[in-house]
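# What the coordinates show
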Amino acid sequence: MSRRVFILGLVIVGLLVFSLYRAKYGAKDTAAELMAVEAQIEEAHHEKALLETELSHMSRREWIEEYARNELGMAPPRPEQMANERDLDALIGLPVDPAADAGDTSAEAPE
């Protein structure tokens, strides 16, 4: 009986040693994964700061005007391109009422 207890004790000690070994290397793997995730977080913070700097630069009025002028061929309007609300009818014509055009079928029907 004491031999069985001794063997059972050795098996239990072996299982405990094996479990400790697995836990130790599992902790190392987890620590390595944690360090990798922390590095990714740090990289994301750096990229965010870079993008915020780029956004603040590209949001400046001077940069937008320069981009519009150089890349899009745009320029500030000249005085002759400006029109008052009163002048719109003379420039583009009187507004057309779509409801009046839909109800007027006499011009289309032949007699």
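Counting from 1, residues in each chain are numbered in the order their sequence is written. Residue-level local features of this predicted model are given only where pLDDT is at least 70; pairs of side-chain atoms are given and counted only at 80 or more, and the full residue set underlies all totals for whole chains, interfaces and linings. Where side-chain values are given, they derive from all heavy atoms of the structure, hydrogens and water being excluded.

When you go through the protein residue by residue, the secondary structure sums to four helices and zero strands. In the protein, the order of α-helices and β-strands from amino to carboxyl end is α-α-α-α. The globule rule used here is 2.2 Å times the number of residues to the 0.38 power, and the radius of gyration it is set against is calculated over C-alpha atoms. On C-alpha atoms alone, the protein measures out to a radius of gyration of 40 Å, which is more than a quarter above the 13 Å that the 2.2 N^0.38 rule sets for 111 residues. Across its three principal axes, the protein shows a C-alpha extent of roughly 120 × 50 × 20 Å. Burial status across the protein gives 1% buried among its 111 residues. Accessibility throughout is a Shrake-Rupley quantity obtained with a 1.4 Å probe, and a residue counts as covered only by protein chains that appear here. Accessible surface, the protein: about 10900 Å² in total, of which carbon and sulfur atoms supply 61%. Only four residue types enter the tally: Lys and Arg on the positive side, Asp and Glu on the negative side, with His and both chain ends excluded. For the purpose of locating charges, the reference atoms are NZ of Lys, CZ of Arg, CG of Asp and CD of Glu. Within the protein, the 21 negative side-chain charges are centred at a point lying 28 Å from the centre of the 11 positive side-chain charges. Only DSSP runs of H or I with at least four residues qualify as helices, and only runs of E with at least two residues qualify as strands; both kinds are numbered from the N terminus onward. Relative accessible area decides the class of each residue, using a 1.4 Å probe on protein chains only: under 20% of the type maximum gives buried, over 50% gives exposed, and in between gives partly exposed.

Here we come to the UniProt feature "coiled-coil region" (unreviewed entry) in the protein. UniProt positions are given in the numbering used here, feature names are shortened, and annotations may be inferred rather than shown by experiment. The UniProt record marks residues 27–61 with the feature "coiled-coil region" (unreviewed entry), using the residue numbering of this structure. Annotation note: span residues 27–61, helix share 94%, strand share 0%, distance between end C-alpha atoms 53 Å.

So, about the pattern of salt bridges. Salt bridge criterion: a side-chain nitrogen from Lys or Arg within 4 Å of a carboxyl oxygen from Asp or Glu. For the structure shown, the criterion picks out four salt bridges. The closest approach of N and O atoms between arginine 78 and glutamate 80, which form a salt bridge, is 2.8 Å.

Right, let's talk about a nonpolar patch on the surface for a bit. A contiguous nonpolar surface patch, about 500 Å² in accessible area, is contributed by Phe6, Ile7, Leu10, Val11 and Leu15. Its place among the elements puts phenylalanine 6 in helix α1 (residues 2–58). Like charges are joined within 9 Å and nonpolar side chains (Val, Leu, Ile, Met, Phe, Trp, Tyr) within 5 Å, but only among residues with over 30% relative accessible area and no salt bridge; these make up the patches.

This paragraph deals with the packing of aromatic side chains. Note on aromatic contacts: the rings of Phe and Tyr and the six-membered ring of Trp form a pair at centre separations within 6.5 Å, being stacked when their planes are under 30 degrees apart, edge-to-face when over 60 apart, and tilted otherwise. Within this structure, the stated rule accounts for two aromatic pairs. Each ring, one from tryptophan 63 and one from tyrosine 67, has its centre 5.2 Å from the other, and the planes form 15°; the classification is stacked. Residue tryptophan 63 and its partner tyrosine 67 are both found in helix α2 (residues 61–70); the two are separated by four residues, about one turn of the helix. Using a relative accessible area of 39% as the deciding quantity, one classes tyrosine 67 as partly exposed.

A few words on the confidence of the model for the protein. The predicted coordinates ought not to be read in detail in places where the model reports low pLDDT. When pLDDT is averaged along the protein, the result is 86, and 90% of the positions lie at 70 or above. Note on scores: pLDDT gives the predictor's confidence for each residue, bounded by 0 and 100. The lowest-confidence element of the protein is helix α4 (residues 98–103), averaging 71 in pLDDT; the highest-confidence one is α1, averaging 92.

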